[in-house]
Amino acid sequence: MSDEKQQVTRRQFLNYTLTGVGGFMAAGLLISPLRMAIDPVLQPSKKGDLANVGLAVDDIKDVPTRVDWKIDQVDAWYESEVSQTAWVYKNEKDEIVALSPICTHLGCTVSWEGNDQFPNEFYCPCHGGRYTKDGTNIPGTPPLEPLHQYEQKVKDGMLYLGNPHPRGEA
Ligand code: FES
């Protein structure tokens, strides 16, 4: 092989360089939307799924009872178990009510009859927020909206709960 055949002309060098740079830029444009399509951040988390909370419908009383369960939560590549809590009871129409324990004032945790001075109410210890049994905020206390209600369904006699929503949206 002669030295002449191995030489790359200036024109060939420019062609190779521009083709390489153009290909690199095109790949960049294609990779971004492809990454968006398969990125775990954009995949649905299991958080919104209705979960069996381990409570038989027949065991639900007319007094709010604290129910705790765990769900799988996926944040990007990190998967973890997250604890959830609801106050669950049957109202006078025998309907199941599942309330979020998160105070709608600033997010503290409310408890049923959490203060002896206010029986038959939910009470928030942070700023004295109060709610009636159905989760309605009591005027004159800090919360400005009712406790949120969980999406719910009954399957095979067991209670399933999803995400809490403002009243009327659950
Ligand atoms: S956070 Fe509950 S009253 Fe303020």
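The model shown is predicted, which means the values in this text are computed figures rather than measured ones.

### Quick notes on the overall build of the chain
- For the chain, the helix and strand inventory stands at two helices and nine strands.
- Moving toward the C terminus, one meets the helices and strands of the chain in the order α-α-β-β-β-β-β-β-β-β-β.
- Classification of the 170 residues of the chain by burial places 19% in the buried group.
- Of all intrachain contacts in the chain linking residues separated by at least 6 positions in sequence, the fraction that spans at least 24 positions is 43%.

### A word on unusual backbone geometry
- Here Glu113, not a glycine, exhibits a phi torsion of approximately 50°, which is positive.
- Within the element layout of this structure, Glu113 appears in the loop between strand 5 (111-112) and strand 6 (122-124).
- Here Asn120, not a glycine, exhibits a phi torsion of approximately 55°, which is positive.
- Mapped onto the elements of the fold, Asn120 is located in the loop between strand 5 and strand 6.

### Observations concerning the nonpolar core
- Ala86, Val88, Ala98, Leu99, Val110 and Leu161 are the most contacted members of the largest nonpolar core, which totals 18 residues.
- Among the elements of the structure, strand 3 (78-90), strand 4 (96-99), strand 6 and strand 9 (158-165) are those that each provide at least two residues to this core.
- In this view, Ala86 contacts Val67, Ala98, Leu99, Ser100, Tyr150 and Leu161; residues no more than four positions away in its chain are not counted.

### Observations regarding the sheet that holds strand 5
- With respect to topology, three strands assemble into an open sheet ordered 5-6-7, the strand pairing being antiparallel. A strand with exactly one partner marks an edge of an open sheet, and here the two such strands are strand 5 and strand 7 (129-131).
- In this sheet, strand 7 lies alongside strand 6 in antiparallel orientation, the contact comprising three bridges. What sits directly across from Phe122, in strand 7, is Tyr131.

### What to know about the environment of Pro146
- Summarising the element assignment, Pro146 is placed in the loop between strand 7 and strand 8 (149-155).
- If we ignore the near neighbours within four places in the chain, the residues touching Pro146 are Thr104, Tyr131, Gly135, Thr136, Asn137 and Arg167.

### What about the environment of Asp94?
- Note on placement: Asp94 falls in the loop between strand 3 and strand 4.
- Accessibility expressed as a C-beta count within 10 Å gives 8 for Asp94, which makes it exposed.
- Counting along the chain gives 32 residues from Asp94 to Asp62, while the straight-line C-alpha distance between them is 8.4 Å.

How each quantity is defined
- Residues numbered from 1 in each chain as written.
- Predicted model: local features only at pLDDT ≥ 70, side-chain atom pairs only at ≥ 80, totals over all residues.
- Helix = DSSP H or I, 4+ residues; strand = E, 2+ residues; numbered from the N terminus.
- Buried ≥ 20, exposed ≤ 12 C-beta atoms within 10 Å, placed from the backbone.
- Contact = placed C-beta atoms within 7 Å.
- Core = buried A, V, L, I, M, F, W, Y, C linked by C-beta atoms within 7 Å.
- Pairing = 2+ DSSP bridges.

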